[in-house]
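A structural walkthrough
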Amino acid sequence: MYYDFHVHSDFSSDSQAPMEAMIQEGIRLELPGICFTEHMDLDFPGEKPVFLVDLPAYKKTFLNLKEKYQHQIQLFYGLELGLQPHLAKELPLLAASDSFDFLIGSAHIIDRLDPYCPEYFQGRSEQESYLRYFQVLLENLKTFSCFDTCGHIDYVVRYGPAKNKNYSYQAYREILDEILKVLIEKGIGLECNTAGFKYGLGHPNPTEEILLRYHELGGEILTLGSDGHAPKHLAYDFEKAGNLLKACGFRYYTIFKNRKPEFHKL
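Note that the coordinates shown come from a computational prediction; the quantities given were computed from them, not determined experimentally.

Conventions used here
- Residues numbered from 1 in each chain as written.
- Predicted model: local features only at pLDDT ≥ 70, side-chain atom pairs only at ≥ 80, totals over all residues.
- Heavy atoms only, no water.
- Pairing = 2+ DSSP bridges.
- Helix = DSSP H or I, 4+ residues; strand = E, 2+ residues; numbered from the N terminus.
- Polar contact = N/O pair within 3.5 Å; in protein donor to acceptor, adjacent residues only side chain to side chain.
- Contact = heavy atoms within 4.5 Å.
- Buried < 20%, exposed > 50% of the residue type's maximum accessible area, 1.4 Å probe, protein only.
- Axes fitted to C-alpha atoms, helices over the stretch in contact; angles between N-to-C directions.
- Phe/Tyr/Trp six-rings, centres within 6.5 Å; stacked < 30°, edge-to-face > 60°.
- Parallel < 35°, antiparallel > 145°, perpendicular 65-115°, else oblique.
- Left-handed = near helix turned anticlockwise from the far one by under 90°.

Summarising the sheet, strand E8 (residues 252-257) and strand E9 (residues 260-265) pair through 6 bridges and their orientation is antiparallel. Bridging across to E9, Tyr253 finds its partner in His264. The turn joining E8 and E9, which pair antiparallel and follow one another in sequence, is formed by 2 residues; a positive phi near 55° is taken by Asn258.

Laid out in structure tokens, this is it:
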């Protein structure tokens, strides 16, 4: 089995799973290791603060459990940073504030709206909604270099009116190529996020076409994550994803320790 490098527990606002329950499931599945990437979305829109992990409590619990299970599974300390262009000063400081193993950079907020909410798609076509997401993601990638991999780069498709029925790499080729080229130039990885299977897309985020294009352009840093928020979603469809990545030409995937990449055979 593969390392799962995108895992949430109840230290993230959208999970109710105790960290220990996630770890115990990882052991049951005989995973070599998992990385907790709790949500840290600064300036998330809304009246009540959400998606802000209590870092001291998170770190304390993590270190205690890492010691408790040190002989059964490798555990890694990470965050999923919510990218917004106006946080150009705050996010690099946060990234450098602790001894993280791994940081994901993800675009969850576009024009002060999360595509998870139907309001994001109101007043514009599905194509315009998807294109706008990619435009802001590209702006984020040009702004930030303080994370290790870019999470679920076509996240918006999970929640579109027709999901991925009308979506393809070719329809957005120009901007997707620019996104991939910026990642490669900056030495930032691309995530293969298997939650796309969980959401019924029949594909990971991003799709096979984009993963193949990343490989064609010379991309080598590729992380694998379930985006699991409950034990039952840990390492979700990883066997399918591994076969898919091999078919795209990849022979290795990447994990991170102390923000440094390690390559493991698929």
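Further remarks concern the side chain of Ser12. Relative to the helices and strands, Ser12 resides in the loop between strand E1 (4-7) and helix H1 (19-28). A distance of 3.1 Å separates a polar atom in the side chain of Ser12 from a polar atom in the side chain of His8. Separated by 3.0 Å, the side chain of Ser12 and the backbone nitrogen of His39 make a polar contact. Here Ser12 is in contact with Glu38 and His39, once residues within four sequence places are set aside.

Bringing unusual backbone geometry into the picture now. Here the amide bond leading from Asn205 into Pro206 is cis, since omega sits at 0°, within 30 degrees of zero. Here Asp111, not a glycine, exhibits a phi torsion of approximately 55°, which is positive. For Asp111, the location among the structural elements is in the loop between strand E4 (102-106) and helix H4 (126-143). With a relative accessible area of 39%, Asp111 lands in the partly exposed category. At Asp237, a position not held by glycine, the phi torsion is positive, near 55°.

Turning our attention to the sheet that holds E4. Strands sit in the order E1-E2-E3-E4-E5-E6-E7 across an open sheet of 7 strands; the sheet is parallel. Strands at the two margins of the open sheet, each flanked by one partner only, are E1 and strand E7 (222-225). The sheet contact formed by E1 and strand E2 (residues 33-40) spans 2 bridges and is parallel. Considered in E2, the bridge of Asp4 is made with Ile34. Strands E1, strand E6 (189-193) and E7 of the sheet are contacted by helix H8 (residues 238-247), whose axis makes an angle of about 160° with E7.

Considering the arrangement of structural elements, one finds Asn140 in helix H4. Asn140 sits in the buried class, given a relative accessible area of 0%.

Below, the discussion takes up the packing of aromatic side chains. Summed over all chains, the structure comprises 25 aromatic pairs. An angle of 80° between the planes, with centres 5.2 Å apart, marks the rings of Tyr2 and Tyr253 as edge-to-face. Placement of the pair is Tyr2 in the segment before E1 and Tyr253 in strand E8, with a sequence separation of 251 residues. One exposure class covers both Tyr2 and Tyr253, and it is buried.

Put simply, H4 and helix H5 (residues 173-186) touch, their axes get as near as 10 Å, and they point 20° apart. The orientation of H4 with respect to H5, classified from their angle, is roughly parallel. H5 is crossed by H4, and the crossing has left-handed handedness. Residues Leu131, Phe134, Gln135, Leu137, Leu138, Leu141, Lys142 and Thr143 of H4 form the contact with H5, whose own contacting residues are Ile175, Leu176, Glu178, Ile179, Val182, Leu183 and Lys186.

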